[in-house]
Amino acid sequence: MQKVCAIHQPNFFPWLGYFYKIVKSDVFVILDTVDIEIGTADAITNRTKIKTSSGVQWITIPIKKRESKLIKDIQIDNNRKWRDTMLKTIFFQYKRSKHFETFYPIVENLVNYNTDNLSEFNVNIIENICRYMGIDTKIVFASSMGKLSSDRNMRLIDICKLNGCDTYLSGNGGRKYHNEHLFVDNGIIVKYTDFVHPMYSQLHGDFEKGLSCIDYCFNE
């Protein structure tokens, strides 16, 4: 019987495809031992997209500059009053949503979670959204696994082996850089997600894919 491992950085209020990978895995590993990506279109560790009356908008957690760029070491800049501003934006953009009364208090508690550590903050969100959605997949941390390979492919293989998994579930973006022969040589099967983005009722005009999970939870 296959034991499936999925591995992902701890993103901020991730999109639905992130939770699909969690559902489809036996072990979900929070990859907190790699550098944070900031300043690019793909940077989603400290920001996420929501839908507003003015179109799609990023909401962002401010972070402090520090010597270490590892995600596990990144600190939130709580000297900036970002939480109230973010909650106000979410409140006004989703107050007419179907499940606002149920879900907004959850979002409020998650945004107000008291920590300076970005990874801890995001993992608290991920674990609570999993509970809200009825997902009970085991979640573990790469930083708890000791020294892992610095090679991108071998790091994933190490993580799979350390968790007793023979199958690695990857996002489709991994097709560009996975050395699948190396995985096979190490007894690991690579599978790619078959996630198909669901259509659901949204506020503010035409349907948009790839938004934060909160858009789905508020509306559906």
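Scroll up a little and you will see the structure.
Residues numbered from 1 in each chain as written. Predicted model: local features only at pLDDT ≥ 70, side-chain atom pairs only at ≥ 80, totals over all residues. Heavy atoms only, no water.

1. Some points on the overall build of the protein chain
- When its secondary structure is counted, the protein chain shows 7 helices and 7 strands.
- Shown N-terminal to C-terminal, the secondary structure of the protein chain runs as helices and strands in the order β-α-β-β-β-α-α-α-β-α-β-α-β-α.
- In summary, the protein chain has a C-alpha radius of gyration of 18 Å against a globular reference of 17 Å for 220 residues, a match within 12%.
- Considering the protein chain as a whole, with its 220 residues, one finds that 48% of them fall into the buried category.
- Excluding contacts between residues fewer than 6 apart, the proportion of contacts in the protein chain whose partners are at least 24 apart in sequence is 63%. (Helix = DSSP H or I, 4+ residues; strand = E, 2+ residues; numbered from the N terminus. Rg over C-alpha atoms; globule rule 2.2 N^0.38 Å. Buried < 20%, exposed > 50% of the residue type's maximum accessible area, 1.4 Å probe, protein only. Contact = heavy atoms within 4.5 Å.)

2. So, the packing of aromatic side chains
- Under the definition given, this model contains 18 aromatic pairs.
- A centroid spacing of 4.7 Å and a plane angle of 15° characterise the contact between Tyr94 and Phe218, whose relative ring orientation is stacked. Of this pair, Tyr94 sits in helix α2 (residues 82-94) while Phe218 sits in helix α7 (residues 213-219); the two residues are 124 residues apart in sequence, bridging distant segments of the chain. As far as burial versus exposure is concerned, Tyr94 and Phe218 are alike and both buried.
- Residues Phe100 and Tyr104 carry aromatic rings whose centres are separated by 5.0 Å and whose planes lie at 20° to one another, so their mutual orientation is stacked. With Phe100 and Tyr104 both in helix α3 (residues 100-111), this residue pair falls 4 residues apart, about one helical turn. Taken as a pair, Phe100 and Tyr104 share a single burial class, namely buried.
- Through a chain of ring-to-ring contacts, the aromatic side chains of Phe91, Phe92, Tyr94, Phe100, Phe103, Tyr104, Tyr132 and Phe218 assemble into a single cluster. (Phe/Tyr/Trp six-rings, centres within 6.5 Å; stacked < 30°, edge-to-face > 60°.)

3. Some remarks on the packing of α3 against helix α4 (residues 118-133)
- Remark: α3 packs on α4, axes separated minimally by 10 Å, with the N-to-C direction vectors making an angle of 155°. Classified by the angle their axes make, α3 and α4 are roughly antiparallel. Classified by chirality, the crossing of α4 by α3 is right-handed. On α4, the residues touching Thr102, Phe103, Ile106, Leu110 and Val111 of α3 are Phe121, Asn124, Ile125, Asn128, Ile129 and Tyr132.
- Looking at side-chain class alone, the contact of α3 with α4 contains 8 nonpolar, 3 polar and no charged residues. (Axes fitted to C-alpha atoms, helices over the stretch in contact; angles between N-to-C directions. Parallel < 35°, antiparallel > 145°, perpendicular 65-115°, else oblique. Left-handed = near helix turned anticlockwise from the far one by under 90°. Nonpolar A, V, L, I, M, F, W, Y, C, P; charged D, E, K, R; others polar.)

4. Remarks on helix α1 (residues 16-23)
- Across the 8 residues of α1, 6 count as buried, placing the element largely inside the fold.
- Listed in full, the buried residues belonging to α1 are Leu16, Gly17, Tyr18, Phe19, Lys21 and Ile22.
- Turning to α1, the residues buried within the fold contact β1 (4-8), β2 (27-30), α4, β6 (167-170) and α7.

5. Thoughts on the side chain of Thr193
- With respect to the helices, strands and loops of the structure, Thr193 is situated in the loop between β7 (189-192) and α7.
- Note on Thr193: relative accessible area 13%, which makes it buried.
- The residues touching Thr193, leaving out its near neighbours within four places in the chain, are Tyr20, Leu169, Ser170, Gly171 and Asn172.

6. Examining the pattern of salt bridges
- Considering all chains together, one arrives at 1 salt bridge under this definition.
- Here Lys72 makes a salt bridge to Asp73, at a shortest N to O gap of 3.3 Å.
- Lys72 sits in the partly exposed class, given a relative accessible area of 33%. (Salt bridge = Lys/Arg side-chain N within 4 Å of Asp/Glu carboxyl O.)

7. Overview of the environment of Ser97
- Its place among the elements puts Ser97 in the loop between α2 and α3.
- Taking C-alpha positions, Ser97 is 47 Å from Leu182, a pair spaced 85 residues apart along the chain.
- In contact with Ser97, not counting residues within four places along its chain, are Leu203, Phe218 and Asn219.

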